[in-house]
Amino acid sequence: MALVAAHYVKLDEISEAMGLIGQIEVESWKNEVSAWVAVALAEQGKVEAALRVVNGIKGDESQEVEVLATAAISFAEAGLADEARGVADRQSDPFARAVEFARVAAGLTKVGQVEAAKVLFAEAEALAAGLAEPEDQAVVLTVIAVALIDAARVGDALALVERVKDLGLKTDRMRRAYITVAEALIAVGESDASVPLLGLAEGTAGEIMEEEDRSSALLEIARVLIKGGQFVEAERVAMGIGEASDRVYALKDLGVALAGDGGVDEAVRLAQGIAGIEGAERARASGLGQVAKALAEAGDVAAAEAVAETIVEPDSRGQALGEVAEALAAIHPSDAARIGRRVEDAGWRSVVLAAVAAGL
């Protein structure tokens, strides 16, 4: 029933979707559909009807928080400041209300309601300051910082982050919070400003006792650095990863990024490093294959073929050569066909050559 309602909403048949709400017995799905309907009504300017639907949302507290937040943000992005504020005020928990105020403020900024947004940002900060737990304060402040970045107020966001840093907290929640702010900065082209935050996240990750968990955390940080084009820092973090497979994944992602960015020699160097990592044979073979394919997509035939050749396992090497051949088909057809013929398995070779022909 919820799926049918979702399709009605997509077709702008809102009354049909509303008619299904009362027929849905599971409270969580009823709330989900109510949120979709409320957002659609708000976008159509039917504010009173949207509010009536929102007011009918009840049930599990955590889901109610999420559903109300979705509705409030949608009202804000529709320019309905008072209505968005009214929904946000329904959050009884100060933590949830502060978070929602920040996100509503960002939505209002997007539609030009800057003054209303400033008021809500200030109220969100005041609510954060009143939270009993320092970690809750810090997390809410970073949420506000992300919302400020979304509202093109990067300087104000960084000032808030300085307040968070002064609290000196080193927990998993803070690691996640710093990464989230860093990703928001990267998304708006402020990659350099993200590096100190990822350094704080790295410091927290380094204190994780279990090597598997520590490696996973460092891999995530390396990937964010790669996303921000901070390749030198990303390699440094990658080389500090203890788990062989996670180290391979990080270096593979970096090699692929470098190949796409014109750093062919650096990508080849990283591939050589991947080939020398002991253990994690499957990850190593797959990683080398992906770097080889990226080099082929960058148009470097020799480098792509050479990296694929470093794969020891015959099946994985054949797959890598096949992907290199397919990537080269449109730009270097003769090389693509030659490399495709080098795939040892006859069945796979025929598939590769057919794919190469299709890509010509």
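Criteria and thresholds
- Residues numbered from 1 in each chain as written.
- Predicted model: local features only at pLDDT ≥ 70, side-chain atom pairs only at ≥ 80, totals over all residues.
- Heavy atoms only, no water.
- Helix = DSSP H or I, 4+ residues; strand = E, 2+ residues; numbered from the N terminus.
- Contact = heavy atoms within 4.5 Å.
- Salt bridge = Lys/Arg side-chain N within 4 Å of Asp/Glu carboxyl O.
- Axes fitted to C-alpha atoms, helices over the stretch in contact; angles between N-to-C directions.
- Parallel < 35°, antiparallel > 145°, perpendicular 65-115°, else oblique.
- Left-handed = near helix turned anticlockwise from the far one by under 90°.
- Nonpolar A, V, L, I, M, F, W, Y, C, P; charged D, E, K, R; others polar.
- Expected span 1.5 Å × (residues − 1).
- Buried < 20%, exposed > 50% of the residue type's maximum accessible area, 1.4 Å probe, protein only.
- Arc of directions from axis to C-beta.
- Patch = residues over 30% accessible without salt bridge, like charges linked within 9 Å, V, L, I, M, F, W, Y side chains within 5 Å.
- Areas by Shrake-Rupley, 256 points an atom, 1.4 Å probe, with all protein chains shown as cover.
- Lys, Arg positive; Asp, Glu negative; His and termini not counted.
- Charge placed at Lys NZ, Arg CZ, Asp CG, Glu CD.
- Polar contact = N/O pair within 3.5 Å; in protein donor to acceptor, adjacent residues only side chain to side chain.
- Core = buried A, V, L, I, M, F, W, Y, C linked by side-chain atoms within 4.5 Å.

Novice: How should the environment of Ile-24 be read in this particular structure?
Specialist: By the element assignment, Ile-24 lies in the loop between helix 2 (14-21) and helix 3 (27-43). On a C-alpha basis, the gap between Ile-24 and Trp-348 in space is 50 Å, while along the polypeptide they are 324 residues apart. Leaving out residues up to four positions away in the same chain, Ile-24 has contacts with Met-1, Ala-2, Trp-29, Lys-30 and Val-33.

Novice: So what exactly am I meant to see when it comes to the pattern of salt bridges here?
Specialist: In a structure, side chains of opposite charge can pair up when their charged atoms sit close to one another. Considering all chains together, one arrives at 27 salt bridges under this definition. One salt-bridge network, in which partners are shared between bridges, spans Glu-305, Glu-309, Asp-335, Arg-338 and Arg-342.

Novice: Even after reading the chapter, I still don't get the packing of helix 11 (residues 172-187) against helix 13 (residues 211-227), so can you show me in this structure?
Specialist: Viewed as axis vectors pointing N to C, helix 11 and helix 13 meet at an angle of 15°, and their least axial separation amounts to 10 Å. Classified by the interaxial angle, the pair formed by helix 11 and helix 13 is roughly parallel. The handedness of the crossing between helix 11 and helix 13 is left-handed. Only Ala-217, Glu-220, Ile-221, Val-224 and Lys-227 of helix 13 make contact with helix 11, whose side of the interface consists of Arg-175, Arg-176, Ile-179, Glu-183 and Ile-186. Looking at the contact of helix 11 with helix 13 residue by residue, the classes come out as five nonpolar, no polar and five charged.

Novice: Would you explain helix 8 (residues 114-129) in this entry?
Specialist: Since there are 3.6 residues in each turn of an α-helix, residues three or four apart along the chain are aligned in direction. Taking 1.5 Å per residue, 16 residues should reach 22 Å; helix 8 reaches 23 Å between its end C-alpha atoms and fits that length. Buried residues of helix 8: Ala-117, Leu-120, Phe-121, Ala-124, Leu-127 and Ala-128, and no others. Each buried residue of helix 8 sits inside an arc of 125° when the element is viewed along its axis, so together they form one side. Within helix 8, the exposed residues directed more than 90 degrees away from the buried face are Glu-115, Ala-126 and Ala-129.

Novice: Teacher, can you tell me more about a negative patch on the surface here?
Specialist: A cluster of acidic residues, Asp-12, Glu-13, Glu-16 and Glu-43, forms a negative patch on the protein surface. Following the sequence through the fold, Glu-43 ends up in helix 3.

Novice: Before we go on, may I ask you to explain the side chain of Ser-34 in this structure?
Specialist: In this fold, Ser-34 is placed in helix 3. At 2.8 Å, the side chain of Ser-34 and the backbone oxygen of Lys-30 are in polar contact.

Novice: What should I look at first to understand unusual backbone geometry in this one?
Specialist: Peptide bonds are trans in most cases, and residues, glycine excluded, mostly fall at negative phi. Positive phi values are uncommon outside glycine, yet Ala-152 reaches one of about 65°. On the secondary structure map, Ala-152 appears in the loop between helix 9 (134-150) and helix 10 (154-166). Backbone geometry places Ala-280, a non-glycine residue, at a positive phi of 50°. The residue Ala-280 is located in the loop between helix 16 (264-275) and helix 17 (281-297) in this model.

Novice: Is there a simple way to think about the nonpolar core in this case?
Specialist: A general tendency of soluble globular proteins is for nonpolar side chains to be buried together. Ranked by internal contacts, the top residues of the largest apolar core, which has 124 residues, are Val-37, Phe-75, Phe-121, Ile-144, Ile-221, Leu-295 and Val-324. Element by element, the count of residues in this core is highest for helix 9, at ten residues. Those residues in contact with Val-324 that sit more than four places away from it in its chain are Ala-292, Lys-293, Ala-296, Ala-304, Ala-308 and Ile-339.

Novice: What should I look at first to understand the environment of Leu-41 in this one?
Specialist: Here Leu-41 is to be found in helix 3. Excluding its chain neighbours within four sequence positions, the residues that come into contact with Leu-41 are Ile-14, Met-18, Lys-46, Ala-49, Ala-50 and Val-53.

Novice: Please clarify how the packing of helix 17 against helix 18 (residues 301-309) should be interpreted in this entry.
Specialist: In a pair of packed helices, the angle between the axes and the distance between the axes together describe the arrangement. It is the contact of helix 17 with helix 18, at a shortest axis distance of 8 Å, that shows an interaxial angle of 170°. Taken together, the axes of helix 17 and helix 18 lie roughly antiparallel to each other. Between helix 17 and helix 18, the contacting residues are Leu-288, Val-291, Ala-292, Leu-295 and Ala-296 on the first element and Ala-303, Ala-304, Val-307 and Ala-308 on the second. Each residue belonging to the contact of helix 17 with helix 18 can be placed in one class, and the counts come to nine nonpolar, no polar and no charged.

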